[in-house]
Amino acid sequence: MRFVVTAGPTREPLDPVRFISNRSSGKMGYAIAEAAIADGHDVTLISGPVCLRAPSHAKVVTITTASELHDALLECTNECDVLVMCAAVADYKPVSVASRKMAKPREKFTIEFEPATDVLSAISKSPRDFFVVGFAAETHDIEARAQQKLRAKNCDMIVANDVSRNEIGIGADENEVVIIARDGDLRRIARAEKKIIARELVKIICTEAKKVLTKKSR
Ligand code: CTP
């Protein structure tokens, strides 16, 4: 199968030297890309700024902002079977980007933000013939919130993880996930290295994607 995997954070610039971003390390997305390659799939990895070595045998596309990620996805999902949306995309961006470095403020100041595109929703709600796996980063009500996102973003499957704990999830080497399918089927993968979680995830994704893609091609 042909996988497109997104990984890492996005950065939304404030001026030529400053940006707003998040703590995503890209480890989960990179591990999924590696696992899919090891399982014999074609992989395009769309990556935000991370400090990880690109997997050999993947086509790697680098992006910085949410809007660049959207553009890259429009191109890369043209010919894919599975999209795994693991990137931690900005939800908001500064209304204006200063062309020169902003001077140090002497007093309290306010920056105005506006919503960034919800890339997953935009891609997933457009006519498509590929299987979409979203991720849900939650600090509370994990399953209920993930289920809501699955429906709101028109995903085929969503992978929820707890980002309130330092030892798992965002930035950590380990994770613990709940996988929810569109029909409500729920599976858990217990705490393990992200590489191990990724192998299990790729297996589950392939099984479910094959079912959906075969139905569509009938
Ligand atoms: N996502 C996206 N574009 C955004 C924000 C999120 O494509 N601007 C995608 C993520 O890649 C992930 C899914 O949406 O696959 C859920 O992301 P998450 O951060 O859990 O939820 P949000 O939609 O950002 O909602 P909230 O921050 O309110 O929990």
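Owing to the predicted nature of the structure, the values given are computational and were not obtained by experimental measurement.

1. Concerning the site of the ligand
Taken together, 16 residues surround the ligand, and among them Ala87, Asp91, Leu120, Lys149 and Lys153 come closest. Between the ligand and Ala87 there is a distance of 2.7 Å, counted from an oxygen atom to a backbone nitrogen or oxygen. Take Thr117: an N or O atom from its main chain is 3.0 Å from a nitrogen atom of the ligand. At the level of elements, helix 3 (119-125), strand 9 (131-138) and helix 4 (142-152) are the ones that each hand at least two residues to the shell around the ligand. The residue makeup of the shell around the ligand, split by class, is nine nonpolar, two polar and five charged.

2. Looking at helix 2 (residues 66-76)
Residues spaced three or four apart along an α-helix point in a common direction, a consequence of the helix completing one turn every 3.6 residues. Those residues of helix 2 not exposed but buried are Ala66, Leu69, His70, Ala72, Leu73 and Cys76. Axial view of helix 2: buried residues confined to an arc of 165°, hence all on one face. In the core, the buried residues of helix 2 are packed alongside strand 1 (2-7), strand 2 (12-15), strand 4 (42-47), strand 5 (58-62), strand 6 (82-85) and helix 3.

3. Re the sheet that holds strand 1
Here we have eight strands laid out as an open sheet, ordered 5-4-1-6-9-10-11-12, and mixed in their pairing. Either end of the sheet is taken by a strand with one partner, and the two such strands are strand 5 and strand 12 (186-193). Between one strand axis and the next, the sheet turns through 20° on average, direction left out of account. Relative to strand 10 (residues 157-162), strand 9 is paired through six bridges, and the arrangement is parallel. Across the sheet, the residue bridging to Glu138 is Asp162, located in strand 10. Against the sheet, helix 5 (residues 194-217) contacts strand 1, strand 6, strand 9, strand 10, strand 11 (174-181) and strand 12, and its axis sits at roughly 155° relative to strand 12.

4. Some points on the pattern of salt bridges
As a working rule, side chains carrying opposite charge can pair if their charged atoms are close by. One pass over the structure, following the stated rule, counts 16 salt bridges. Lys27 is the salt-bridge partner of Asp173, the closest N and O atoms lying 2.9 Å from each other. Taken together, the positions of Asp173 in the loop between strand 10 and strand 11 and Lys27 in helix 1 (residues 27-38) put the pair 146 residues apart, joining distant regions of the chain. For Asp173, a relative accessible area of 51% gives the class exposed. Lys27 sits in the partly exposed class, given a relative accessible area of 27%. As a salt-bridge pair, Arg191 and Glu174 come within 2.6 Å of each other at their nearest N and O atoms. Taken as a pair, Arg191 in strand 12 and Glu174 in strand 11 lie far apart in primary sequence, 17 residues in all. Its relative accessible area of 43% is what places Arg191 among the partly exposed residues. Residues participating in the shared-partner salt-bridge network are Asp185, Arg187, Glu208 and Lys211.

Reading the values: the criteria
Residues numbered from 1 in each chain as written. Predicted model: local features only at pLDDT ≥ 70, side-chain atom pairs only at ≥ 80, totals over all residues. Heavy atoms only, no water. Near = heavy atom within 4 Å. Polar contact = N/O pair within 3.5 Å; in protein donor to acceptor, adjacent residues only side chain to side chain. Helix = DSSP H or I, 4+ residues; strand = E, 2+ residues; numbered from the N terminus. Nonpolar A, V, L, I, M, F, W, Y, C, P; charged D, E, K, R; others polar. Buried < 20%, exposed > 50% of the residue type's maximum accessible area, 1.4 Å probe, protein only. Arc of directions from axis to C-beta. Contact = heavy atoms within 4.5 Å. Pairing = 2+ DSSP bridges. Axes fitted to C-alpha atoms, helices over the stretch in contact; angles between N-to-C directions. Salt bridge = Lys/Arg side-chain N within 4 Å of Asp/Glu carboxyl O.

The values reported here are purely geometric and, on their own, carry no functional implication.
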